[in-house]
Structure formats: C-alpha cells, structure tokens
Amino acid sequence: MNIQALLSEKVSHAMIAVGAPADCEPQVRQSAKAQFGDYQANGMMAVAKKMGMPPRQLAEKVLEQLDLSGIAAKVEIAGPGFINIFLAQEWLSAQIDGVLTAPKLGVAPVAPKTVVIDYSAPNVAKEMHVGHVRSTIIGDAAARTLEFLGHKVIRANHVGDWGTQFGMLIAFLEKQQSEHHEAIALADLEAFYREAKRTYDEDPAFAERARGYVVKLQGGDEYCRKMWKQLVDVTMTQNQLIYDRMNVTLTRDDVMGESLYNDMLPGIVADLKAKGLAVESEGATVVFLDEYKNKEGEPMGVIIRKKDGGYLYTTTDIACAKYRYETLKADRVLYYIDSRQHQHLMQAWTIVRKAGYVPDSIPLEHHMFGMMLGKDGKPFKTRAGGTIKLSDLLDEAVDRATKLVAEKNPDMPADELNALANIVGIGAVKYADLSKSRTTDYIFDWDNMLAFEGNTAPYMQYAYTRVLSVFRKAGIDAEAVSGVTRIVDDREAALAVRLLQFEETITQVARDGMPHVMCAYLYDLAGLFSGFYEHCPILNAEDEATKQSRLRLALLTAKTLKQGLDTLGIETVERM
Ligand code: ARG
C-alpha cells in the first residue's frame, strides 16, 4: 500500500485534465501537521507559474476534477494553493484489513534489479575495528531492505586481501610455522601483524625474502598462494564469528576481495593507454583528469601503475566497477565506505565512465558516512589511545546490557538472561548507528544507546513486547484475531495512516540507502501506538466489534515493528 503513489496519480490526472503538462509534478507529501490533513499536494504553485495562472485558481480547477471519492473525507485548499487531503476513516479501515492479509505487509512487488552492495571490507591479517562498524551495519541494513523489496542483492565484501604487505606476512607466517610447528600462530591477528612489521624493519634477510614473496605471489607461485590463502582463511573465519554475532548477513561466499581483480589490472592499464586516457609520466602510468585540479590548478594525475610496475587501490576499484557491471550484471552499485575515500572513488569512477566500462545508466553510488567519535568528540579510541577492536566493543555492549536486563528482571533464568542481553546489547550498538543520518560523524555513547527512552534499540524492542503483551493479557493468539477494522477515533486513524506508510518508508530507504529513515518511522509508530493504547481501551472496549478492530490495529503494529526492525538487522524478543 503506497498512499503517496496513489494520491500522486489521482492529483496529476486531475492536473492534466485542466491543462497542466503531462509531466507535471503534483508533489504529494505526508503532511507535517494534522491540521493540514494526512497528505498535501504542493505542486500547484510551480505548475501554475508555468501555465501563467494564479496558483489558487489552478488548485480550484484541479479540485473540481479530483476524484477521491471513497478515499478522502475532505479535500481543501490552503494558503497560496496547497491542496490538503484528509483520508476517510472507512477507507483507512479497509486498507488495514487488506494489508493484514497481504504478503509482505502489502508492499507492492517491484521490478527486480540486480543490486551490488559493497560493504564491511575488513583487511586481511588485521582484526575488525570500530572503523568497520558503520560500513558493516549500515550496508547490511541496505542489503536486507533491498532484498525485502524483491531485488536481487549481491553482497560484495571487498576485503583488503592483496598488496605488497603480503610478502611480509607470508614470510612471517613461514617463520612462525617453522618455529612453532603449529597452526595457532595467527590467533591474535593484531600482534601477528605488528610482529611481522617489526621483523621486516629489523631483519634485512627477512625483508629480502618478503620482497621476493611479493613478486612470486603476484606471479601465481603455488607455495605463496597457499600461504596467502591461510592468512585470508584465518582472518575471515574470525570475522565470520563477528558477523554471526552481530546478526549481519554476510557469509564466506560474499568475499570478493581485492585479489579477485588482480588478473584484470594489466589489461585495464593497456586499454586505458590504447584509449588515450592514460599516459606514461616519469616512469609511472597516469590518467590526467580535467575534472580534478591539483594545487597548481593543473589537471590532477591519478596513478594507475607505479614506476615499479605495482598497481594501486584505484586501479583495483576501476577493475572492480567494470566487473560488477560486466560479470555480475549489476543494475545499480552501492558502496558503503567512509567519506574520506570519496575523492578516491570519484576519480576511479570518472575513469570508469570515460573508458566506457560502466554506462551512465548504471548508477555507482557512494553511500558515505562520517567517523565514529568518542564522547569527547575525538576519534573513538581505547583509554590507552589504541583502536578499539570490534570484538571488545561487542563484549562490552553485552556486559552492559546484562546488568541492565538483570536489574529489570531479577528472577530471569541465566540462559534466558544471556540471550536477551545479547539481543539488547548488540541491537543497541547497531541501532545507535542506524538511527543517525549516516553522512555526519557519530558520537558513540553507551548511556544513550542503552537507554530505555528515546529512539534506541531497547526502547523499540520493549515497545514491541508491549504490543504483544496486549494479546498475552487477553489470552488470545495474535494470529487468531478476527472481525474487521472499524476506525472511528482520531488516534486510531493516526495510527492507521502511519501503519499504511510502511511502504513509502521502505521505498525511501531503498532509494537513498538511509536506514535512519526507517528508525524514525518505527520510533514514531511506537509513539502513536502508545497514544492509541492509552486513549482507546482495547480489552475493555465498549463492544466486541471495537475490541476486535483495535486488536487488528495492534496486530499490524506488532507485525510492522518486527518487519521494520528486521530490515535493519535488529532482533526482537517476545518479552523483556
Ligand atoms: N578495505 C578498505 C578499508 O578498510 C575498504 C574497501 C572499500 N571498498 C572499495 N571498493 N574500495 O579501508
């Protein structure tokens, strides 16, 4: 059910009937205030101007043609020519009944597209840290949302699994294995990386061996390949535990690391040269872009192959975009990468477009986000100033949630408490990030995210259990609710309109890749339910028909909250 789309169609139909151009924009929006109705058509002003007519006059003519019988109870003109639409309670009632029995909460099927989503992208031989949190969580919500709508989503985990550091890592793995004769050497990835680096810096023979391994690995040497694969496997096994723990849908099959594109790179460089886009400059191969100027105001040079023959992060991203279009057949590609990499992506994509690797009709979208900051407004670090490991962050979230949940439920058995604390703690970390507009930096604050008030995971999860408790108190199975919906009260109507806006919300999230829009919607929905619950007795309703009708609104609220939270990757429980 998409009220906005339905009304847009009706209003533009009426506009065209009174002489507006066929592509006129009715600009139908959800009204911000109840006094302006449920929806407003704001397009009369712009169209009247084009038609050389006073906007109010256009609005009046449009009203004469506008057929909203059965849908609206009242339509009125306001201000310079806004059209305010008040939906009819009988119509709302019928729509609620329709949505309750429809699959997917009545969300209309879409024309399925193949959407590639680049997210998480940790690096091999390093542990995931707070820098990967936002990409992982927000990217996964986008994947779930697009999948729910019926698109074919390809999750692309662009793992940093290639580069010159692998010579050093292979040489160090070899050293460790010869000294320890066991496979535990990689247990602590951070320490492993640090030690490898230290050995490389201090031991010239080791460094020499490491450099040799880089060349061999690039050349496809079997031994180096095997050692490299061990490094990738250990890292991704460890990361998979974190994904599972965080209820993130990525699996091992989604790994499409930088190495995947390695074989394409020489061909890309040769092709860019043949197309006259790349030139040799001081021994390196460079693409000069007029679109970007350096400090001297000259076209910026983007290196795609170094003097020593090595390729760069940019070269890989050029190949990667090409691959996603050509091989994966993407209709759209979303990249969840922090904003500091924006210029890098823009340069890579400018080259991609100029070379004709991906046509302009296929959007390549950088869904960027800011940094994660501590309460002091500085980059989020451990007390000692180190990077915070993601696994430590999750442990702390669950610890804090355990205390919180135990306080509220002193008699809860330990295993139940554990499960609940996991859902609340992990949910809190995820929701805190998801609920804020992703484009800005974000302040990580334990107390805020674990509060039972405000737009937080605990509040939303609790709100869901409150709706379910209505059914528990009544001793009825939610699915067994019968009767029909019969909206008579303003609070019922307000709740119903919001419930029916689920499709509008999820469509917007899918278009903009902004999950905080879903969070805001669900939070508002929970608030409207509270208002309804307080003022419209459900179990003590004046008659059985009213009780059933209100139970139906409660049921759809529960379903919508659960489904909405699910598209965000936030788990719910029946009680807490
Ligand atoms: N591994 C990179 C990092 O940790 C992120 C990769 C993002 N994806 C891409 N196609 N460049 O910064």
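These figures come from a predicted structure and were not determined experimentally.

Calculation criteria
Residues numbered from 1 in each chain as written. Predicted model: local features only at pLDDT ≥ 70, side-chain atom pairs only at ≥ 80, totals over all residues. Heavy atoms only, no water. Helix = DSSP H or I, 4+ residues; strand = E, 2+ residues; numbered from the N terminus. Buried < 20%, exposed > 50% of the residue type's maximum accessible area, 1.4 Å probe, protein only. Contact = heavy atoms within 4.5 Å. Areas by Shrake-Rupley, 256 points an atom, 1.4 Å probe, with all protein chains shown as cover. Pairing = 2+ DSSP bridges. UniProt positions renumbered as here; feature names shortened; annotations may be inferred. Axes fitted to C-alpha atoms, helices over the stretch in contact; angles between N-to-C directions. Parallel < 35°, antiparallel > 145°, perpendicular 65-115°, else oblique. Nonpolar A, V, L, I, M, F, W, Y, C, P; charged D, E, K, R; others polar. Arc of directions from axis to C-beta. Salt bridge = Lys/Arg side-chain N within 4 Å of Asp/Glu carboxyl O. Patch = residues over 30% accessible without salt bridge, like charges linked within 9 Å, V, L, I, M, F, W, Y side chains within 5 Å. Lys, Arg positive; Asp, Glu negative; His and termini not counted. Charge placed at Lys NZ, Arg CZ, Asp CG, Glu CD.

Caption draft 1: Region of interest: the overall build of the protein chain. The helix and strand tally for the protein chain stands at 20 helices and 13 strands. The principal-axis extents of the C-alpha atoms in the protein chain amount to approximately 85 × 70 × 40 Å. Relative to its full complement of 576 residues, the protein chain shows a buried share of 52%. Contacts spanning at least 24 positions in sequence make up 71% of the contacts within the protein chain whose residues lie at least 6 apart. In the form shown here, the protein chain has an accessible surface area of approximately 25,900 Å², with 51% of it arising from carbon and sulfur atoms.

Caption draft 2: Expanded view of the environment of Met518. Residue placement: Met518 occurs in helix α19 (residues 516-535). Residue classification places Met518 among the buried positions, given a relative accessible area of 1%. Here the alpha-carbon distance between Met518 and Thr315, two residues 203 residues apart in the chain, equals 36 Å. Those residues in contact with Met518 that lie beyond four places of it in its chain are Phe502, Thr505, Ile506, Val509, Gly564, Thr567 and Leu568.

Caption draft 3: Spatial organisation of the pairing of strand β9 (residues 299-305). Note: strand β8 (residues 284-293) against β9, 6 bridges, orientation antiparallel. Across the sheet, Thr285 pairs through a bridge with Arg305, a residue of β9. Here β8 hands over to β9 after 5 residues, with Gly297 in that stretch at a positive phi of 80°.

Caption draft 4: Geometry of the UniProt feature "short sequence motif: 'HIGH' region" in the protein chain. Per the UniProt record, "short sequence motif: 'HIGH' region" is annotated on residues 122-132. Annotated as 0% helix and 0% strand, the span residues 122-132 places its first and last C-alpha atoms 7 Å apart.

Caption draft 5: The packing of helix α7 (residues 189-202) against helix α8 (residues 204-218), seen in detail. Where α7 meets α8, the closest approach of the two axes is 5 Å, and the angle between their N-to-C directions is 110°. It follows that α7 is roughly perpendicular to α8 by the angle criterion. Contacts between α7 and α8 involve Ala196, Thr199, Tyr200 and Glu202 on the former and, on the latter, Pro204, Phe206, Ala207, Ala210 and Arg211. For the contact of α7 with α8, a count of residues per class yields 6 nonpolar, 1 polar and 2 charged.

Caption draft 6: Molecular detail of helix α3 (residues 55-65). Turning to α3, its buried residues are Leu58, Ala59 and Val62. The buried side chains of α3 occupy one side of the element, clustering within an arc of 100° when seen end-on. On its buried face, α3 sits against α1 (3-17), α2 (44-51), β3 (72-78) and β4 (82-87).

Caption draft 7: The side chain of Lys322, seen in detail. Within the secondary structure, Lys322 sits in helix α11 (residues 313-326). Leave out the neighbours within four places in its chain, and Lys322 touches Met264, Ile268, Thr327, Tyr357 and Val358.

Caption draft 8: Spotlight on the pattern of salt bridges. Within the structure shown, the criterion is met by 32 salt bridges. Here Glu479 and Lys559 are joined by a salt bridge, their closest N and O atoms 3.9 Å apart. Highlighted residues: Glu479 in the loop between α16 (457-474) and α17 (490-499) and Lys559 in helix α20 (residues 544-568), separated in sequence by 80 residues. Among the residues examined, Glu479 registers a relative accessible area of 57% and is labelled exposed. One salt bridge in this structure joins Asp512 and Arg511, with 2.9 Å as the shortest N-O distance.

Caption draft 9: Quick peek at a positive patch on the surface. Taken together, the side chains of Arg466, Arg472, Lys473 and Arg575 present a region of like positive charge at the surface. Take Arg472: it is sitting in helix α16. A relative accessible area of 36% places Arg472 in the partly exposed class.

Caption draft 10: Structural view of the sheet that holds strand β2 (residues 39-41). Reading across from one edge, β1-β2-β4-β3 is the order of the 4 strands in this open sheet, with antiparallel pairing throughout. Both outer strands of the open sheet, β1 (28-30) and β3, are each paired with one neighbouring strand and no more. On average, adjacent strands in this sheet sit at an angle of 25° to one another, irrespective of strand direction. Summarising the sheet, β3 and β4 pair through 6 bridges and their orientation is antiparallel. Bridged to Val75 within β4 is Ile85.

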